[in-house]
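In case you want the letters, here they are:
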Amino acid sequence: MLAADVMTQNVITVSPDSEVREIASLLLEHGISAVPVVDDGGKVLGIVSEGDLMRRVENDTARRKSWWLKLFAGHDAADYVKSHGRRAHEIMTKDPITIAGDMPLHKISRLLEKHHIKRVPVVQEGKLVGIVSRSNLLRGFSVVATEASVTADDREIREAILKEVDANTGVLVDRINVMVSDGKVQLWGLVENQQEKMAVQVAAENTAGVKEVDNNLGFVPRGVGSL
């Protein structure tokens, strides 16, 4: 399997001038731990993670016990929303490692381990097309462990399912991942409710070439996405 077979598409991104409060809201709303920073042409300039935001607080003695620490301690996130933050380009990890869509999973795994990173952007012709996280890798390896193969038809099925979900179900596709091997579909990620879970399953079942669907979708924790 390759990066293109497991990567999360429709990646949530921010611009270099995005404010910290906007970035934190995105992380909470979409249940993610980092966002790529891209320019107007889609080039990846950096990544802002929870760690970057936490380091910002730790280095800011004036706000050491303010919105961000309270946010992750389970207190009212409104304290954060009311505060003023810096820009993405000031706190991001610059010039992150990127990969191509045809990189095999075992090489991606070694890359993450070597550089002690949790995710890596996928680029094509210099533009962001997806992101591969540790969880994406684990799901990919679970398919590989079955000795199943991924064909061009499987990749077309995956693209068709994601397109259908994005266009017609109202489900946020950046929260889900679709794995396809030998026509067998695995659904992973988070949705808002049982209706969304079933909508994704129906979209997969109705896609030409699908033999079976294993629905592993979970639900977004209560309170996430409520800002």
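Just so you know, these numbers come straight off a predicted model, no measurement behind them.

Q: Tell me what's going on with the nonpolar core, and back it up with residues and numbers.
A: By size, the foremost hydrophobic cluster in this structure holds 17 residues, and its most contacted members are Ile161, Val165, Ile176, Val178, Val185, Leu187 and Val200. Every element with two or more residues in this core is listed here: helix 9 (152-168), strand 6 (176-181), strand 7 (184-191) and helix 10 (194-205). Residue contributions to this core peak at four residues, all from helix 9. Each residue touching valine 185, except ones within four places of it in the same chain, is listed here: Ile161, Val178, Met179, Val180, Ala204, Val210, Glu212, Val213 and Asp214.

Q: Go over unusual backbone geometry with me, naming the residues and quoting the values.
A: If you check the backbone angles, asparagine 10 has positive phi at about 50° while not being a glycine. Mapped onto the secondary structure, asparagine 10 falls in the loop between helix 1 (3-6) and helix 2 (20-30).

Q: With reference to specific residues and values, describe helix 10.
A: Over its 12 residues, helix 10 runs 16 Å from end to end, which matches the ideal 16 Å to within 8%, given 1.5 Å per residue. Of all the residues in helix 10, the buried ones are Glu196, Lys197, Val200, Gln201, Ala203 and Ala204. Within helix 10, the buried residues cover an arc of 160° as seen down the axis, which keeps them to one side. The secondary structure elements touched by the buried residues of helix 10 are helix 9, strand 6, strand 7, strand 8 (212-215) and strand 9 (218-219). With a side-chain oxygen lying 3.2 Å from the backbone nitrogen of glutamine 195, the N-terminal cap of helix 10 falls on asparagine 193.

Q: How would you explain the pairing of strand 8 if you had to name every residue and give the values?
A: Where strand 7 meets strand 8, four bridges bridge the pair, whose relative direction is parallel. By the bridge assignment for strand 8, valine 185 is matched with valine 213. Regarding the hand of the β-α-β motif, the stretch spanning strand 7, helix 10 and strand 8 is right-handed.

Q: Residue-level account of the environment of threonine 8, with values.
A: Following the sequence through the fold, threonine 8 ends up in the loop between helix 1 and helix 2. For threonine 8, a relative accessible area of 13% translates into the label buried. The sequence separation of threonine 8 and valine 122 amounts to 114 residues, and the corresponding C-alpha distance is 9.3 Å. Discounting chain neighbours no more than four positions away, the residues touching threonine 8 are Gly130, Ile131, Asn136, Asp174, Ile176 and Asn177.

Q: Which residues make up the sheet that holds strand 2 (residues 44-49), and what are the values?
A: In spatial order, the strands read 1-2-3; together these three strands make up an open sheet with antiparallel pairing. The open sheet has two free edges, formed respectively by strand 1 (34-38) and strand 3 (93-94), since each of these has just one partner strand. Sheet topology places strand 1 next to strand 2; five bridges connect them, and they run antiparallel. Paired with alanine 34 across the strands is serine 49, a residue of strand 2.

About the cut-offs
- Residues numbered from 1 in each chain as written.
- Predicted model: local features only at pLDDT ≥ 70, side-chain atom pairs only at ≥ 80, totals over all residues.
- Heavy atoms only, no water.
- Core = buried A, V, L, I, M, F, W, Y, C linked by side-chain atoms within 4.5 Å.
- Buried < 20%, exposed > 50% of the residue type's maximum accessible area, 1.4 Å probe, protein only.
- Helix = DSSP H or I, 4+ residues; strand = E, 2+ residues; numbered from the N terminus.
- Contact = heavy atoms within 4.5 Å.
- Expected span 1.5 Å × (residues − 1).
- Arc of directions from axis to C-beta.
- Polar contact = N/O pair within 3.5 Å; in protein donor to acceptor, adjacent residues only side chain to side chain.
- Pairing = 2+ DSSP bridges.
- Right-handed = clockwise from strand over helix to strand, strands pointing away.

Shape is all these values report; function is a separate question.
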